[in-house]
Amino acid sequence: MRLRAELVFANAPGTCTWDRGQGRANLAGIGSRPAPKYSNRRSMRLLAAARVARVLRLGPAPAKLNLALELTGRRSDGYHEISAVSQTIDWSDVVALEGGDHKAGPSPPVPELQVWGPESERVPLGSDNIAVRAAILLREHGLGQRISRVALEKRVPPQSGLGGGSADAAAVLRLVAPGADRQQLESIALQCGADVPFSLRGGACLLEGIGERMTSVPPLREGAFLVVVLAAVATAAAYAATDPEDFSDGSRVEHLAMALREGQPLDQDLFGSGLQP
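Please read these numbers as outputs of a predicted model, since none were measured by experiment. (Residues numbered from 1 in each chain as written. Predicted model: local features only at pLDDT ≥ 70, side-chain atom pairs only at ≥ 80, totals over all residues. Heavy atoms only, no water.)

A. The arrangement of the overall build of the chain in detail. Within the chain one finds 7 helices and 11 strands. Evaluated residue by residue, the chain yields a buried proportion of 51% over its 277 residues. In the chain, 77% of the contacts between residues at least 6 apart in sequence involve partners at least 24 apart. (Helix = DSSP H or I, 4+ residues; strand = E, 2+ residues; numbered from the N terminus. Buried < 20%, exposed > 50% of the residue type's maximum accessible area, 1.4 Å probe, protein only. Contact = heavy atoms within 4.5 Å.)

Below is the structure:
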């Protein structure tokens, strides 16, 4: 099985964390070393292109790397159990949200989606887009102000293993309902997708279950990552292509998490994904 295509550079010190009380990102490190050809600065080009009339919130949607990932089993509902150490990085999409104008009538049941940027071609549209689904779920739970339009500047390649779609959904949740109860917001995130709760929390975490059980770990702070992506592969297709011989006991991930907690030297054999050939 061959996964992912394109060359991606990400600087480890650019870990992104979030101030939930203020609904703002700790942007120290974002943009400290942008990926080639892309800028991580908040660009006004998105607002100009989208012609967003009434911006409620504007913020980044940081991608993530799986430093280590093991498949530990498959549940009866088809979801895979995993053990992983994941970390957000300083390469992000940009999300802008427009609220309904009450003078123009009620907001549409499905927010309009507008997408720009170097990686916009393969982005699902309408309610098939996970960021739009996040806005719909927030409305169904009565959280935050209704959103009439979601505008994305898409910089993170879709289907690349970098969690760009999940990051977009998490950004919508974070921006629309910054003061919401954490557990409730993470529950809604899980309804969006298994990767969304981690994208909502950010930083570096040991992930278990289908990714919804999160334990914070110290981030990897030194060095640089070189992620080589060979062809675009949907996450669901990557998991579907696995079989029981790809499963392991999660001990490699646990050893990496322990080494990060204790500040030990990191053995390169601890890194890598069970979804890779």
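Having seen the structure, we can now continue with the description.
B. Region of interest: the pattern of salt bridges. As enumerated under the stated definition, the model contains 9 salt bridges in all. E112 serves as the salt-bridge partner of R149, at 3.4 Å between the closest nitrogen and oxygen. A residue pair is termed long-range when its members are at least 10 positions apart, and R149 in strand β7 (residues 147–153) and E112 in strand β6 (residues 112–116) qualify at 37 residues. Looking at R149, the relative accessible area reads 16%, which means it is buried. Taking relative accessible area as the criterion, E112 reaches 37% and is therefore assigned partly exposed. One salt-bridge network, held together by shared partners, links D93, K154 and D168. (Salt bridge = Lys/Arg side-chain N within 4 Å of Asp/Glu carboxyl O.)

C. Here's a closer look at unusual backbone geometry. Of note, the phi angle at Q159 is positive, near 55°, even though the residue is not glycine. Assessed through its relative accessible area of 37%, Q159 is described here as partly exposed.

D. Broad picture of the nonpolar core. V95, L97, L138, V150, V172, L173 and V196 are the most contacted members of the largest nonpolar core, which has 32 residues in total. Counting only elements with at least two residues in this core, the list comes to β5 (80–99), α2 (130–140), β7, α3 (164–176), α4 (182–192) and α5 (196–201). Non-local contacts of L173, meaning those with residues more than four positions away in its chain, are made with A134, L138, L185, I188, A189, V196 and L200. In this structure, A68, L206, L256 and L270 belong to the second largest nonpolar core, which totals 18 residues. (Core = buried A, V, L, I, M, F, W, Y, C linked by side-chain atoms within 4.5 Å.)

E. Geometry of the confidence of the model for the chain. On average, residues of the chain carry a pLDDT of 77, and 72% of them reach 70 or more. Low pLDDT (under 50) marks residues 1–43, which in the prediction has 132 contacts with non-local residues, meaning those over four places away or in another chain. (pLDDT = per-residue confidence, 0-100.)

F. Focus on α2. Counted residue by residue, α2 has 9 buried out of 11 residues, so it is predominantly covered. Every buried residue of α2 is accounted for by I130, A131, V132, A134, A135, I136, L137, L138 and R139. Tucked inside the fold, the buried residues of α2 contact β6, β7, α3, α4 and α5. Where α2 begins, the side chain of N129 points an oxygen toward the backbone nitrogen of A131, at a separation of 2.9 Å. One or two positions beyond α2, positive phi appears at G142, with a value near 70°. (Polar contact = N/O pair within 3.5 Å; in protein donor to acceptor, adjacent residues only side chain to side chain.)

G. Up close: helix α7 (residues 251–262). Between its first and last C-alpha, α7 extends 16 Å over 12 residues, near the 16 Å set by a 1.5 Å rise per residue. Of the positions making up α7, those classed as buried are V253, L256, A257, A259 and L260. Looking straight down α7, one finds its buried side chains confined to an arc of 160°; they lie on one side. Phi turns positive, to about 70°, at G263, one or two residues after α7. (Expected span 1.5 Å × (residues − 1). Arc of directions from axis to C-beta.)

H. Expanded view of the packing of α2 against α3. Where α2 contacts α3, the axes come no closer than 7 Å and their chain directions differ by 30°. Compared by their axis directions, α2 and α3 come out roughly parallel. Relative to α3, α2 is oriented so that their crossing is right-handed. For the pair α2 and α3, contact is made by I130, A131, A134, A135 and L138 and by G165, S166, D168, A169, V172, L173 and V176, respectively. Considered class by class, the residues forming the contact of α2 with α3 number 9 nonpolar, 2 polar and 1 charged. (Axes fitted to C-alpha atoms, helices over the stretch in contact; angles between N-to-C directions. Parallel < 35°, antiparallel > 145°, perpendicular 65-115°, else oblique. Left-handed = near helix turned anticlockwise from the far one by under 90°. Nonpolar A, V, L, I, M, F, W, Y, C, P; charged D, E, K, R; others polar.)

I. Quick look at the pairing of strand β8 (residues 204–208). Of all 5 residues in β8, 4 are buried, a share of seventy percent or more. Across 4 bridges, the pairing between β5 and β8 is antiparallel. When the bridges of β8 are listed, S86 appears paired with C205. By the bridge criterion, 4 bridges tie β8 to strand β9 (residues 213–216) in an arrangement that is antiparallel. Among the inter-strand pairings, E208 is bridged to a residue of β9, identified as R213. Connecting β8 to the next strand, β9, in antiparallel fashion are 4 residues, including G209 with a positive phi near 70°. (Pairing = 2+ DSSP bridges.)

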